[in-house]
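# Commentary on secondary and tertiary structure
Below, each chain spelled out in residue letters.
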Amino acid sequence: MRTSLYLCGALLYHCAPTASAALSLTGPSTGWIAVQYANPNLADPSNDQQTGGIEGDIVGNASLPSFYTAFDNAGTPSLTDGSIGFRVRLAGDASPAGLKTVIWIGIDANADGKIDLFAGAIEDSKIGLYRAGTGQNISPSTTSISTTNPYYEQTTNVSASLSFTPVSTIDSSASNFNIDGGSGGGANHADHFVTFVIPFSSLVSAINSIGLAGVTNFNENSGLRYVVATSNQANSLNMDLNGISGGVNSSSTWTSLGGLTTSYSSSGLPDSIPEPSGLALSAAALSLAFFRRKR
């Protein structure tokens, strides 16, 4: 009986509908995966950005997450197509209206504590996948980004893949639309979501091209850890680091600072639940394969 219950749980986990739901830039966050840190109660402090105004301040708390991912597998059996999305909560929209901040999603694709590449939204003009700098990329002070020769970049029709939208428009039933309680100064202090989507095949190609130890045939079931940051320039992380109070110049590692999220599969499912064993594992694998073929 226990084996049957475990098998059902494993199948429900692997076939969760959020992993294949179509992505909407302004769809409610209930259709997205709230990404957690090693300490699940860790929230990003308000007003801790190094430079810049409210657009540089990532905000969130235990009940209102600051960072989400989502995945659309394109409805095919392939493990390398579809789209992957990222959503970050900022403290507002500085005047004049529109995104004027760079959003960086650092990606650790082999769980070694080093940032291997970046997904990014560079203000409201481009989104893409960018190379990590030539430094160690293991701490805030050793991490940088190169926007030359990107793995992938979209510079036209960006609005089709990038949204900067008030949280109240996306999550109208949320309990708080101004986490930091900011006001005045001619800015819109209502919290805003930056949401952007990139082709998953581009992320697959980028990670496979890096030649990371322990990573072969990267696909939607592969684990990823993230560092989320804002910047006022496109080659560094110099405004706010999610889950860390200040610290943009720290030489402490991402791991010791708690700045890396827990591991999630690329499709957005937690990558750390215990695996079923023996017969349950075999049955789960066969059932999952049947599910993919029939979909």
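Scroll up a little and you will see the structure.
A few points on the structure. Treat the numbers as computed from the prediction; the structure is a model and nothing was measured.

## Observations regarding the sheet that holds strand β9 (residues 162–166)
An order of β1-β2-β3-β10-β9 is seen for the 5 strands of this open sheet, with the pairing classed as antiparallel. Each edge of the sheet is formed by a strand with only one pairing partner; in this case those strands are β1 (33–34) and β9. Pairing analysis gives 6 bridges linking strand β2 (residues 67–72) to strand β3 (residues 83–90), with the strands arranged antiparallel. Residue pairing for β3: Y68 is matched across the bridge by R87. Strands in contact with helix α3 (residues 200–210) are β2, β3 and β10 (192–199); relative to β10, the strand with the most contacts, it is inclined by about 70 degrees.

## Let's talk about the packing of aromatic side chains
Under the counting rule described, the total for this entry stands at 9 aromatic pairs. Measuring from ring centre to ring centre gives 5.9 Å for Y68 and F193, while their planes differ by 85 degrees; the resulting arrangement is edge-to-face. With Y68 in strand β2 and F193 in strand β10, this pair connects stretches of sequence that are 125 residues apart. For the pair formed by Y68 and F193, the shared burial category is buried. Aromatic side chains F200 and F218 sit 6.0 Å apart centroid to centroid with 40 degrees between the ring planes, which places their arrangement in the tilted category. Taken together, the residues span a long stretch of sequence, with F200 in helix α3 and F218 in the loop between α3 and β11 (223–231) at a distance of 18 residues. Through successive ring pairs, a cluster of aromatic residues spans F67, F86, F196 and Y226. Taking NZ or CZ as reference, R87 lies 4.4 Å from the ring centre of W32, over its face. The ring of F193 carries the charged tip of R87 above its face, separated from the ring centre by 5.2 Å.

## Observations concerning unusual backbone geometry
For the bond running from S95 to P96, omega is -5 degrees, close enough to zero to count as cis. Here P96 shows up in the loop between β3 and β4 (102–108). Of note in this structure, A111 is not a glycine but carries a positive phi near 60 degrees. Phi at N149 takes a positive value of approximately 55 degrees, unusual for a residue other than glycine. Inspection of the secondary structure assignment puts N149 in the loop between β7 (145–146) and β8 (152–154). The exposure class assigned to N149 is exposed, which follows from its relative accessible area of 54%.

Conventions we followed
Residues numbered from 1 in each chain as written. Predicted model: local features only at pLDDT ≥ 70, side-chain atom pairs only at ≥ 80, totals over all residues. Heavy atoms only, no water. Pairing = 2+ DSSP bridges. Helix = DSSP H or I, 4+ residues; strand = E, 2+ residues; numbered from the N terminus. Contact = heavy atoms within 4.5 Å. Axes fitted to C-alpha atoms, helices over the stretch in contact; angles between N-to-C directions. Phe/Tyr/Trp six-rings, centres within 6.5 Å; stacked < 30°, edge-to-face > 60°. Buried < 20%, exposed > 50% of the residue type's maximum accessible area, 1.4 Å probe, protein only. Lys NZ or Arg CZ within 6 Å of the ring centre and 35° of its normal.

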